[in-house]
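What follows is the residue order along each chain.
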Amino acid sequence: MSFTSNHRWYFLFSHVLMPASLLMGCTPQTETGKSLPTEQPPKSFAANVVDEEQASEKAQPTDNNVVITGDLNLVDWNAHIGKQVMIEGDLIIVDTYDLARRGQIKVARNRLHVPTSRIDPNDADAKNNSFEGGNNVAKVTEAQIRNDDASIVIDDGTADQNVFPLSLFPELGKTHPTIRIGSIIHGVSGRLTKDRNKLVIQANQPLQWSPAERPERPDLGDADITLASFNVLNYFTTIDDGQNNARGADSESELSRQEAKIMAAIQGLQADVIGLMELENNIDAEERLVAALNKKIGKNVYKGCGMPKGLGESPGGSDSIRVGIIYRADRVSPVGEVSIVDDEAFSVARTPIVQTFKSTQGGRPFTVIVNHFKSKGGADNADAVNKNKGDGQSAYNAARRAQSLAICNYIKENTEQSRVLVIGDLNAYQQEDPIDALRANGLVDLHEPFGQTALSHSLDSLYTFVYYAQCGSLDHAFATASLAPDVTGVSIWHINADEPRFMDYNEEFNPTAVYSADPYRSSDHDPVLIGIR
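Residues numbered from 1 in each chain as written. Predicted model: local features only at pLDDT ≥ 70, side-chain atom pairs only at ≥ 80, totals over all residues. Heavy atoms only, no water.

**A look at the pattern of salt bridges**
Item 1. Summed over all chains, the structure comprises 24 salt bridges.
Item 2. Note that R322 and E286 form a salt bridge whose closest N and O atoms lie 3.0 Å from each other. Of this pair, R322 sits in strand β15 (residues 321–328) while E286 sits in helix α5 (residues 284–297), and the two are 36 residues apart along the sequence.
Item 3. Connected via shared salt-bridge partners are R111, R180, R214, K261, D498, E499 and D518. (Salt bridge = Lys/Arg side-chain N within 4 Å of Asp/Glu carboxyl O. Helix = DSSP H or I, 4+ residues; strand = E, 2+ residues; numbered from the N terminus.)

What follows is the structure, encoded as structure tokens:
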């Protein structure tokens, strides 16, 4: 995703201070000057209503002590400010954004999912593919309200910032390499108070917890060719000096650290063709990455498709970032020249690029279209059609829907090959209009079961992005009907979205002890893997 503001935004609702990039998918910069995903989230469209009778059954006060045993949504937290609170039972870590800086995590009883990743704003039945109308927005609103009230912040009780070791998790960097979202907290107790207008439990420390394990690369079945879609979070060879509009590393040291993580991720993907998003819009970034990969493995096998003719003059071609394709020349060979999807719909996004490949072992060719649709941010600059409609899809939904339709038209009119794969960061969740538009026009959503092809992951693991405690998939893979039966597996490798942001390449405030040149937190998006025959 691609947005350059470096701050968290918030909308103030009647019951809670909510971050303004919740259901979005773009990249602002962090408070430390680094790029982080941002997009303005949909607002909670109604004030939370607590059922006081049910809440009293769950929260059992004794003088100044409160024991909470059930659903966090049913608790009247404001009634217990200043009291000692004990939450019994297991809690799931759903957000670690402020863990290193402020000593805070957010927990809930279960993982929280972006409403439009499961609920269609148009259709009551999510299996239907209407891509406009808004007849089911009320259900999206209800789900957002439930999510808003389903979590609570645990705090380390100090006003000090950027303290390491972490008092909540003193073993980080020693016996545990990370604290992933999805880890389990075995109850918590402490004083309920307010911090910056949000409710927090100042925990008795340290926490008792069970870590979520880092996943191995997923199996894709008996694939002949493996492809991947990977947003590399502003890989710029131009060093960011604060004035040159560069979005990546602030120093050569940071660039080396960023590069090392991206290389480890790409090697771990074991993919023959990789579609990349958020490369600096020049040839240098692609060439440097390819050279570094070849040097790392000691063989000259990685190649880049380069910048297509006419890219700079095409709609979306002058953006600060671009998409690209790299491939293993020992496994696949390009057929023809890399080209673009030249359509005015992409004037507010990035130009898609297209390349046909064939296995070096023979077989039928296939075509890959790599995309990075318009982000959800920048609502203030949106025209009337692209304003946030309050339907959970945020700003520029109409632009992203038009981009989906442009891809469908391109496949029908311009692609000689019938075996086409559409991949990339579409900045839209699973039930939003741009995704429905692709399905409605005959493309097969590879994240859904179809024919004899079994989905390689469960619905609960269908996410590539976590922001403000909610998870959902902004990164997608679609195939034409003639290619879909040859897909052997599709999976998301959860190496980034669940990892704390302080595990990345930045040096300003990140603890030195936790950095490693490994795939984990190499970006803010998880890569998607696809196997085909």
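**Topic: the side chain of Q393**
Item 1. With respect to the secondary-structure elements, Q393 resides in the loop between β18 (366–372) and α6 (397–414).
Item 2. Judged by relative accessible area, Q393 falls into the buried class, the value being 0%.
Item 3. Separated by 2.9 Å, the side chains of Q393 and D391 make a polar contact.
Item 4. When residues no more than four places from it in sequence are discounted, the contact partners of Q393 are T116, P121, K376, R400, E432, D433 and P434. (Buried < 20%, exposed > 50% of the residue type's maximum accessible area, 1.4 Å probe, protein only. Polar contact = N/O pair within 3.5 Å; in protein donor to acceptor, adjacent residues only side chain to side chain. Contact = heavy atoms within 4.5 Å.)

**Observations concerning the environment of Y467**
Item 1. Within the secondary structure, Y467 sits in strand β21 (residues 465–467).
Item 2. In the structure, Y467 is positioned 370 residues away from Y97 in sequence and 8.5 Å away in space, judged by C-alpha atoms.

**Concerning the side chain of N371**
Item 1. Assignment of secondary structure puts N371 in strand β18.
Item 2. Of note is the side chain of N371, whose polar atom sits 3.2 Å from the backbone oxygen of I369.
Item 3. Look past the residues within four positions of N371 in its chain and what remains in contact with it is M277, V323, P352, I407, V422, I423, G424, D425 and L426.

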